[in-house]
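Fold and geometry: a report
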Amino acid sequence: MSLMPIYTVTTARGTLDRNTKAALAAEVTRIHSEVNHVPSTYVNVVFSELDPDNVYTDATPARPLIVNGWVRSGHPDDETGQLVRQVAAAATQVTGIPAERVLVVIGNSPARFAIEGGRVLPEPGHELEWLQENA
């Protein structure tokens, strides 16, 4: 049971090797777990690789690293700000891709707008109750 969140890392094919992906997934998971005070088992990281001719910045072929995260609404704004800054810094540190080519966006919606395992997700802070009720 993961309880979301979802981080999708999009790059041009061949930008990241297997070890770099694993290291980035581990770091994003660690950061999310620490900042949002949830077990690391809740965090999903998915890599999406596109053909290099399908990735553009400023209307020219590019090789950015784009991280889109989704979290449940209700986390304090300062924690979400900390989350986005730390994920962006980790993306640069782990991958070696310059910060100018890294874009991190954390979006959110109410927990009731997401279903996992056939069950509507709990609001932040109610995860343990939800897990016990749905065990």
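- Labelled according to an unreviewed UniProt entry, the protein chain appears under the name Tautomerase, originating from Mycolicibacterium phlei DSM 43239 = CCUG 21000.

**Points about the packing of helix α1 (residues 18–36) against helix α2 (residues 77–95)**
- At their nearest, the axes of α1 and α2 sit 10 Å apart, and the two run at 160 degrees to each other. Relative to α2, α1 is oriented roughly antiparallel. When you trace α1 past α2, the crossing you get is right-handed. Here T20, A23, L24, E27, V28, I31, H32, V35 and N36 of α1 lie close against α2, whose contacting residues are E79, Q82, L83, Q86, V87, A90, A91, V94 and T95.
- Per-class residue counts for the contact of α1 with α2 are 10 nonpolar, six polar and two charged.

**Some details on the pairing of strand β2 (residues 44–50)**
- Bridge count between strand β1 (residues 6–12) and β2: seven bridges; the pairing is parallel. By the bridge assignment, T8 is partnered in β2 with V46.
- The parallel pair β1 and β2, bridged by α1, forms a crossover whose chirality is right-handed.

Basis of the calculations
- Residues numbered from 1 in each chain as written.
- Predicted model: local features only at pLDDT ≥ 70, side-chain atom pairs only at ≥ 80, totals over all residues.
- Heavy atoms only, no water.
- Axes fitted to C-alpha atoms, helices over the stretch in contact; angles between N-to-C directions.
- Helix = DSSP H or I, 4+ residues; strand = E, 2+ residues; numbered from the N terminus.
- Parallel < 35°, antiparallel > 145°, perpendicular 65-115°, else oblique.
- Left-handed = near helix turned anticlockwise from the far one by under 90°.
- Contact = heavy atoms within 4.5 Å.
- Nonpolar A, V, L, I, M, F, W, Y, C, P; charged D, E, K, R; others polar.
- Pairing = 2+ DSSP bridges.
- Right-handed = clockwise from strand over helix to strand, strands pointing away.

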